[in-house]
Amino acid sequence: MNSQIAAILTMDGVATGAIYVLIALGFVLIFAVTRIIFVPFGDITAFTALTLADLEAKRLPGTASMIAALALVAALMEVVALLRSGGASRIPRALLYYLALPLVPAAVVWATAGVMLPAPLRIALTLMLILPLAPLLDRIVFRPIADASVLLLLIVSVALHFALVGMGLLFFGPEGVRTQSLVDFSTDIAGTPVSGETLLIVGSAAFFSFLLYLFFNFTLTGKALHATAMNRTGARLMGIRPQRSGTIAFLLGSLLAAVSGILIAPVNTIFYDSGFLIGLKAFVGAIIGGLVSFPVTAIGSVFVGILESFAAFQSSPFKEVIVFSILIPVLLWRSYSFVQTEEEDEE
Amino acid sequence: MSARTNTLVAAAVVLALLAAPFYMAPFTITLMNYIGVYSFVALGLVLLTGIAGMVSFGQASFMGIAAYATAWASALMGFSPWLGLVLAVVVTCAVAAIVGLATLRLQGHFLSLSTIAWGLALYFTFGNIAGLGAYNGISSIPPVSIGAVPLVGSGQMFYLIWLALLASLVAARNLLDSRAGRAMRALRGGNALVESLGINALQVRLATFVIAALLAALSGWLYAHMSRFVSPTPFDVTMSIVFLMMALVGGQGYLLGAVVGAALITLLKNWIQDLLPLIAPSTSGQLEIVVFSALFIVFLQRARDGIVPYVAQWLPETRRERPPEAEPLPRRAQPDKGRGLMTVEAATRRFGGLIAVNEVGFEVRAREILALIGPNGAGKTTMFNLITGALRASGGRIVFADKDITRASACSIARAGIARTFQHVKLRPKMSLIDNVLLGAYSRTRSGFFAGAARLDRGEEKRARSEAMRQLDRVGLGSRPYDLAGNLPLGNQRLLEIARALAADPVLLVLDEPAAGLRRQEKLKLAELLRTLRAEGLTILLVEHDMDFVMGLVDRIVVMEFGCKLCEGTPEAVRADARVQEAYLGGVA
């Protein structure tokens, strides 16, 4: 391997890593606020790519019917819960949030099926379609057990991932997709060719990380989320509803997953089940950050991307093995360098 | 129901099971074999998840490692499958030990997440090693032979699988009812209590993790020689979640739940596979996993406890005899009265900028009751935690029985002879009174995991039980030793904590607000008990708020305020001290 190849591999790795950054930030965000390790995150990324590809091919994306089905179930659960707790007056509002709003982008997609929309509109529509996905899953799957232990939530999360993969195959079919390039220019940085895609990915990752930083530090909602993450009971006493914070966290998570899906779609071939591996690698990044620190998570994710890129060059069949094996030293380092807080789990 | 009826019912079930090949169709026997093989893994998960509170998504990969190890040894190298068994167990347990060492110090979800990643990594590894048949796997694995008889038919494998399973179930049951098993059961609910009992939590976690992997290894070995073919697919992460499902559906923490869960899930899977093509012919394969996952999620939302506990609540309770008297466990020699037992020199603890304990020093003399008092926020509990090792001192020195324990772990401090109770009672509510007290005797007994599983520990166990009963009697809780600790009222829970501490045969007993929440009568009884203990030669240090309780009971008092020592002396002297009066009542205007 000469320095030229190393530079290309690094560039490649940084681009992949940047995508992992977005997903890993979403993991940390959702975990901090809700204590849920949202394993299906990568699946949402993959579904985004598949949705965009369907729109490009003038097909009706499976996402539309998936969202419609989920919205129906969520609305039904919400109505039943409200009726039971005697909050019938809040039903119209619940229907608006859980049924009407998620169905709007789905309806638009139905209306424009078969029409070739311009690229920016396709991307916007994809984002709109994907956005309600994680909050709806939260309502259906996690809300009834919001107070359960982290481990139980994790088991449910893994089960949900398998359900989603199965649904992905049902709604999108087994074909892999790759969408059109978003940009089409390339340049040279210090003698290494760099594609526009790479720059776009890195730029977007930086941009959205910065937005997240602004959101958490300079908006009241962001601070409320931060407060929920630090201490749920305390936040509740201050009038912050953990459920609402959870929904916002999932909404933001959906957004991050959708953006990463749109960025990865033109550079990688995505299948209905590709999300798991993407998500897990981002996870390695999140674990490097201990599932708490946003900046360390970002650095860790870029590191994972670069490692993967070099591993793929050295020994392509074993690249996943190499990436996952670095978990051992990382976890050893974490377990011997950080003082553990007492974990009082359920009795 | 008596123990005798229990044995009879169990014997009947086992007989009916062993006669199964004579009255069941071959297909049913094959199904039973799969249930049996899966039950091993589920049993490991019951121990790991239900008992010890750790979740692993990697059990299928442990099974895979074992299956590949024996396949390699027997099909590719031509060794006997029995050698394959040895290899399978050794390799699997070694991998589990490495994985465990890397993750078990971290919070639970790190272990779980890493097992997902390693499960995948392993899948790709098997799939890419040409020497192991890559994704095509290894076929023509020889059958297991007993003597000269090869076990080829499913009826023959049936006996191997189910006899091994029965043996594993019995061993697991024995284990849970032993010293090591109690330590495993105590893991759920946090480390603070476990370490304070002299139990090395990391070691017990690691052992439990390896035992679960060992059971998965047995399963993998049986699987390889039953299906005579291995490939990466049956050992992927999906299968791991199915195993977790089996363990949880059967009943968290119930050994039989493993078999019930494995049976139910295997049958359900079969049934769904038969049914779905009728409903949705083209998409049944994908629908299967969706239906399965959805069912599992609904189960976890609605009926987390599982089937066995639900059935068990309708069964009559088993009567259990009070453990018989036995020769007492060896006791420590108590130091002579008045000798210095523990010296605290300039102990300091900082939390960031806050100094919770600032250069506090005092001495505890043998066979006295010393009270540590002070207004709220004086740093009493922090001082207490420094002594018991729950917190590390930022400076200063603590010497106990001529041994420096300033930097020692809670576990080794407990073993040195300091037993403690907690301000917020820490018991294991789902364990019986006697089991809670037996946890206290952990550091006085020796039997390990193997001795527990093979019942080689009965002599020691009998003595420990007799000791636990003595301590229960002493605090007045000896009448119903098999009640659950969680059902006791708070006052009795505090007494139970003291009984547990006494079972450790401590030199120094440290009590954190033992009278808090007690009624007047209970306080009088507690004071009486502490006096008796002092008369027997025990040294007691207590942190307390209740002045009436302290003044009439203790020999000396150390007063703290704002992290510093205010004064020390006899109760009379402390009561007369102007500084103490000011600290408690405010200055005289």
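What counts, and at which threshold
Residues numbered from 1 in each chain as written. Chains lettered and ligands numbered in written order. Predicted model: local features only at pLDDT ≥ 70, side-chain atom pairs only at ≥ 80, totals over all residues. Helix = DSSP H or I, 4+ residues; strand = E, 2+ residues; numbered from the N terminus. Rg over C-alpha atoms; globule rule 2.2 N^0.38 Å. Buried ≥ 20, exposed ≤ 12 C-beta atoms within 10 Å, placed from the backbone. Core = buried A, V, L, I, M, F, W, Y, C linked by C-beta atoms within 7 Å. Contact = placed C-beta atoms within 7 Å. Pairing = 2+ DSSP bridges. Axes fitted to C-alpha atoms, helices over the stretch in contact; angles between N-to-C directions. pLDDT = per-residue confidence, 0-100. Domains from an automatic or database assignment. Expected span 1.5 Å × (residues − 1). Nonpolar A, V, L, I, M, F, W, Y, C, P; charged D, E, K, R; others polar.

## With respect to the overall build of chain A
Helix and strand content of chain A: 15 helices and two strands. Taking 347 residues into account, the globule formula puts the C-alpha radius of gyration at 20 Å, and chain A, at 20 Å, falls close to it. Along the first, second and third principal axes, the C-alpha atoms of chain A reach 70 × 60 × 35 Å. Of all 347 residues assigned to chain A, the portion counted as buried reaches 48%.

## What about the nonpolar core?
Within the largest apolar cluster, 309 residues are counted, with the highest numbers of intra-cluster contacts made by A:Ile23, A:Phe27, B:Ala42, B:Phe243 and B:Met246. In this structure, B:Ala42 is in contact with B:Phe243, B:Met246, B:Ala247, B:Gly250, B:Ala258, B:Gly261 and B:Ala262, ignoring residues within four places of it in sequence.

## Here we look at the sheet that holds strand 7 (residues 403-404) of chain B
Adjacent strands of a sheet form backbone hydrogen bonds with each other and so pair up, either parallel or antiparallel. Residue and element names in this part refer to chain B. Read across the open sheet, the four strands follow the order 4-3-6-7; overall the sheet is antiparallel. In this open sheet, the two edge strands, each paired with only one partner strand, are strand 4 (354-365) and strand 7. Strand direction decides the pairing type here: strand 3 (residues 340-351) and strand 4, joined by eight bridges, are antiparallel. Looking at strand 4, one finds that Gly 340 is bridged to Arg 365. Strands strand 3, strand 4 and strand 6 (395-400) of the sheet are contacted by helix 15 (residues 380-388), whose axis makes an angle of about 60 degrees with strand 4.

## Here we look at the confidence of the model for chain B
In this model, chain B carries an average pLDDT of 89, and 98% of its residues clear a pLDDT of 70 or more. This complex was scored by the predictor with a pTM of 0.88 and an ipTM of 0.86.

## Re the sheet that holds strand 9 (residues 508-512) of chain B
All names here are of chain B. Strand order in this open sheet of six strands is 8-9-10-5-11-12, and the pairing throughout is mixed. At either end of the open sheet lies a strand with only one pairing partner, and these are strand 8 (418-420) and strand 12 (564-569). Averaged over all pairs of adjacent strands, the angle between their axes in this sheet comes to 20 degrees, without regard to strand direction. The pairing of strand 9 with strand 10 (residues 539-543) spans five bridges and is parallel. Along strand 10, the bridge assignment pairs Val 510 with Leu 541.

## As for the environment of B:His109
In this fold, B:His109 is placed in helix 6 (residues 108-128). Setting aside anything within four residues of it in sequence, one finds B:His109 in contact with A:Ile37, A:Val150, A:Leu151 and A:Leu154.

## Regarding the domain arrangement of chain B
Residues and elements named next belong to chain B. With domains assigned, chain B is organised as domain 1 (27-262), domain 2 (338-417 + 506-589) and domain 3 (430-504). Listed as interface residues are 15 residues of domain 1 and, on the opposing side, 16 residues of domain 3. Of all the secondary structure elements, the ones that give two or more residues to the side of domain 1 that touches domain 3 are helix 7 (154-176) and helix 8 (179-186). At seven residues, the largest contribution of residues to the side of domain 1 that touches domain 3 is made by helix 8.

## Let's talk about the pairing of strand 9 of chain B
All names here are of chain B. Counting buried residues in strand 9 gives five out of five residues, a clear majority hidden from the surface. The two faces of strand 9 match: Leu 508, Val 510 and Asp 512 on one face and Leu 509 and Leu 511 on the other face are all buried. Pairing analysis gives three bridges linking strand 8 to strand 9, with the strands arranged parallel. Across the sheet, residue Arg 420 finds its bridge partner in strand 9, namely Val 510.

## A few points about helix 11 (residues 237-250) of chain B
For helix 11 of chain B, spanning 14 residues, the distance from its first C-alpha to its last is 20 Å, which sits close to the expected 20 Å at 1.5 Å a residue. With 13 of 14 residues buried, helix 11 of chain B is to be regarded as a mostly interior element.

## Some remarks on the interface of chain B and chain A
Contact with chain B, which involves 43 residues of that partner, is made by 41 residues of chain A. For the side of chain B that touches chain A, the elements supplying multiple residues, two or more each, are helix 5 (81-103), helix 6, helix 9 (191-196), helix 11 and helix 13 (284-302) of chain B. By residue class, the composition of the side of chain B that touches chain A is 23 nonpolar, 17 polar and three charged.

## Some points on unusual backbone geometry
Residues and elements named next belong to chain B. Positioned with a positive phi, Arg 455 is a non-glycine residue whose angle comes to about 60 degrees. Locating Arg 455 in the fold gives a position in the loop between helix 18 (449-453) and helix 19 (458-474). For Arg 455, a count of 15 C-beta atoms within 10 Å translates into the label partly exposed. In the Ramachandran plot, Phe 562 falls in the positive-phi region, its phi being about 50 degrees despite a non-glycine side chain. For Phe 562, a count of 14 C-beta atoms within 10 Å gives the class partly exposed.

## Looking at helix 10 (residues 201-227) of chain B
Residue and element names in this part refer to chain B. Between the first and last C-alpha of helix 10 there are 39 Å, a value that for 27 residues agrees with the 39 Å anticipated at 1.5 Å per step. With 22 of 27 residues buried, helix 10 is to be regarded as a mostly interior element. Positive backbone phi, at 60 degrees, marks Arg 228, one or two positions downstream of helix 10.

## A short note on the pairing of strand 2 (residues 192-195) of chain A
As defined by bridge partners, strand 1 (residues 186-189) of chain A adjoins strand 2 of chain A across four bridges and the pair is classed as antiparallel. Residue pairing for strand 2 of chain A: A:Ile189 is matched across the bridge by A:Thr192.

## Thoughts on the environment of A:Phe303
Relative to the helices and strands, A:Phe303 resides in helix 13 (residues 294-314). Sequence separation between A:Phe303 and A:Thr16 is 287 residues; the distance between their C-alpha atoms is 9.8 Å.

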